[in-house]
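Listed below are the residues making up each chain.
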Amino acid sequence: MAIKFKFSDIGLFDNTKSLFAIGHGWQGIGPILCLMALNSIVFSRHYWGDFVFPWDFGQGYHAMAYAWYLMLDWSEFPQWIPYGSMGYPAHLALQDSAYYPPLFLFRMIGGHYTYHAAVVFQGLHVLFGAIGVYCLLRAQSLSWKSALLGAVAFHLSAGFFSNSQHVDIVRAYAWMPWVFLFLTKRYLVSANRFHLVAAIFVFFCFLIVSYPGVLIAFGYCGGTYFAAQILLTDRAEPMRRTYVMRLVITGGLALLLGAPKLLPFLILRDELIFQPDGGVFYPAHVLTLVFPFDQKFLPGDITMRSLYVAPAILALLFVLNITRWRSYTSAWLLVLITALVLLFDSSLGGALRSHLPGLNISRFPLSDFRIFMHLSIITLACIAIDDLANGVMHL
């Protein structure tokens, strides 16, 4: 049996069937070049080797990853890491970057995971996340100009900078827009075989490289996004079953691929001690949407409490027409509400965090849920500016 393959099946720049949903011509590649230019300007001193990200970045995070890939033998994965904490089982360190495909590839070509290599990797992850937001917004039928604005806002948002020392949080933020891209029903149901392979790869990378608290938060916010797309559409719509089946298959295969890293940890989780510090969303944190986050009166760890997102994006929320039906407006509003309810310092939030699985074990809930707040705010703001640009509503 002959298998016919056509490169047109991948469709990199066809907006109706694109693997990355970025459009064609200048609308396809131009915004990506703009984001690359922005990234090279923001991290120029890092790429040239002048700067290194602070604190934990060059300590535990780098030591764990460097040791794992240094000891990697292609016939056997490392079982014991002797270079820190008086030695520890490799499979109990979820934050060691083990099994991560980009680092595997880097190791295969003879690269050494030096401090400078780690810095470059992190800067490129920020670019990757910004491109992901651009693709996500394009897949939700927004214009390339609105999508580019959202991508720039995401690139400059707080998580990549206030959390720059936390490699797994930065990587979780970078992969999150891609995860939501493949969670988008209209995109997933029109996918061909190459899209589905890409979905498995994206889900797998997100699972094995993300901070565990972000994974738990995704279970609730991502679940809300999925449920909204199912419940807010016509029950007779034939694509609903296709969407659910494809999501189950791609997500299930990603879990199987991630089992070598995740399963030993889950089996031996009683060997670990969880120390939540109660870093939830207090009213004072609203100030960090615009103002500096290093003020002493602000509660929580200094690296976890900034909510900054571009003021222009925040301003656009005030002109969002929530009464006009837009396919994903309701879904993103529900994601934002879910994040705020589960995170806010209130009696309801406290009760939910005490009783819902997983929510009482994370050290930094504000940081875990911030990515969902930012993605929701940016998407809703871009929907508003798209409507303004198209003359659907007026200031």
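All figures in this text were calculated on a predicted structure; none of them were measured in a lab. (Residues numbered from 1 in each chain as written. Predicted model: local features only at pLDDT ≥ 70, side-chain atom pairs only at ≥ 80, totals over all residues. Heavy atoms only, no water.)

A. The overall build of the protein chain, seen in detail. In terms of regular secondary structure, the protein chain is built from 16 helices and two strands. Summed over its atoms, the accessible surface of the protein chain is roughly 18700 Å², and 68% of this surface lies on carbon and sulfur atoms. (Helix = DSSP H or I, 4+ residues; strand = E, 2+ residues; numbered from the N terminus. Areas by Shrake-Rupley, 256 points an atom, 1.4 Å probe, with all protein chains shown as cover.)

B. Representation of unusual backbone geometry in the model. A positive phi angle, close to 65°, is found at tyrosine 99, a residue other than glycine. Although it is not a glycine, serine 141 sits at a positive phi angle of roughly 70°. For serine 141, the position within the fold is in the loop between α5 (115–139) and α6 (144–155).

C. Region of the structure containing the nonpolar core. Counting residues in hydrophobic clusters, the biggest one holds 116 residues, and the most contacted among them are Trp68, Met176, Phe180, Trp332, Phe369 and Phe372. If sequence neighbours within four positions are ignored, tryptophan 332 has contacts with Leu136, Gln140, Phe180, Tyr225, Leu375, Ser376, Thr379 and Leu380. (Core = buried A, V, L, I, M, F, W, Y, C linked by side-chain atoms within 4.5 Å. Buried < 20%, exposed > 50% of the residue type's maximum accessible area, 1.4 Å probe, protein only. Contact = heavy atoms within 4.5 Å.)

D. Region of interest: the pattern of salt bridges. By the definition in use, this model includes two salt bridges. The shortest N-O distance in the salt bridge between aspartate 50 and arginine 45 comes to 2.9 Å. On the basis of relative accessible area, aspartate 50 is assigned to the partly exposed category, the value being 46%. Among the ionic pairs, aspartate 96 bridges to lysine 261, the shortest N-O distance being 3.4 Å. Taken together, the residues span a long stretch of sequence, with aspartate 96 in the loop between β2 (88–89) and α4 (101–108) and lysine 261 in helix α12 (residues 239–267) at a distance of 165 residues. (Salt bridge = Lys/Arg side-chain N within 4 Å of Asp/Glu carboxyl O.)

E. The arrangement of the packing of helix α11 (residues 212–231) against helix α16 (residues 365–389) in detail. One way to put it is that α11 packs onto α16 with a least axis distance of 8 Å and a crossing angle of 45°. When the axes of α11 and α16 are compared, the pair comes out oblique. Note on packing geometry: the crossing formed by α11 with α16 is right-handed. Facing α11, whose interface residues are Gly213, Val214, Ala217, Phe218 and Cys221, α16 presents Asp368, Phe369 and Phe372. The residue inventory of the contact of α11 with α16, partitioned by class, reads six nonpolar, one polar and one charged. (Axes fitted to C-alpha atoms, helices over the stretch in contact; angles between N-to-C directions. Parallel < 35°, antiparallel > 145°, perpendicular 65-115°, else oblique. Left-handed = near helix turned anticlockwise from the far one by under 90°. Nonpolar A, V, L, I, M, F, W, Y, C, P; charged D, E, K, R; others polar.)

F. Here's a closer look at helix α3 (residues 60–71). The end-to-end C-alpha distance of α3, which contains 12 residues, comes to 16 Å, matching closely the 16 Å that a straight helix rising 1.5 Å per residue would cover. Considered for burial, the residues of α3 that qualify are Tyr61, His62, Met64, Ala65, Ala67, Trp68 and Tyr69. Packed against the buried residues of α3 are β1 (80–81), β2, α4, α5 and α8 (167–183). (Expected span 1.5 Å × (residues − 1).)

G. Main features of the side chain of histidine 62. The residue histidine 62 is located in helix α3 in this model. For histidine 62, the residues in contact, after removing those within four places along its chain, are Phe57, Tyr113, Thr114, Tyr115 and Ala118.

H. The packing of α6 against α16, seen in detail. α16 packs onto α6 with a crossing angle of 150° between their chain directions and a minimal axis gap of 9 Å. It follows that α6 is roughly antiparallel to α16 by the angle criterion. Seen from above, α6 lies across α16 with right-handed handedness. Across the interface between the two elements, Ser146, Leu149, Gly150, Ala153 and Phe154 from α6 touch Ile371, Leu375, Ile378, Cys382, Ile385 and Asp386 from α16. Class assignment for the residues of the contact of α6 with α16 results in eight nonpolar, two polar and one charged.

I. Spotlight on the packing of aromatic side chains. Enumeration according to the criterion identifies 24 aromatic pairs in this entry. Seen from their ring centres, tyrosine 113 and phenylalanine 121 are 6.0 Å apart, and the 75° between their planes marks the pair as edge-to-face. The residues tyrosine 113 and phenylalanine 121 share a single accessibility class, namely buried. Where tryptophan 175 meets phenylalanine 201, the ring centres are 6.0 Å apart and the plane angle is 70°; that geometry is what we call edge-to-face. Of the two residues, tryptophan 175 sits in helix α8 while phenylalanine 201 sits in helix α10 (residues 193–209), which places them 26 residues apart along the sequence. In this structure an aromatic cluster arises from ring pairing among Phe180, Phe206, Phe218, Tyr225, Trp332, Phe369 and Phe372. (Phe/Tyr/Trp six-rings, centres within 6.5 Å; stacked < 30°, edge-to-face > 60°.)

J. Broad picture of α12. Most pronounced at alanine 259, the bend in α12 amounts to some 70°, and the proline proline 260 follows within four residues. Within α12, the full set of buried residues consists of Arg240, Tyr243, Leu247, Thr250, Ala254, Gly258, Lys261, Leu262 and Phe265. Considering only its buried residues, α12 is in contact with α8, α9 (185–189), α10 and α11. (Bend = angle between axes of the 7 residues up to and from the residue.)

K. Geometry of a nonpolar patch on the surface. A cluster of nonpolar side chains, contributed by Leu231, Leu232, Leu334 and Ile337, occupies part of the molecular surface with about 380 Å² of accessible area. The residue leucine 232 is located in the loop between α11 and α12 in this model. Note on leucine 232: relative accessible area 40%, which makes it partly exposed. (Patch = residues over 30% accessible without salt bridge, like charges linked within 9 Å, V, L, I, M, F, W, Y side chains within 5 Å.)

L. Structural view of the environment of phenylalanine 201. Overall, phenylalanine 201 belongs to the partly exposed group, its relative accessible area being 39%. Taking the C-alpha atoms as reference points, phenylalanine 201 and proline 101, separated by 100 residues in sequence, lie 9.2 Å from one another. Apart from the residues within four sequence positions on either side, phenylalanine 201 is in contact with Pro101 and Trp175.

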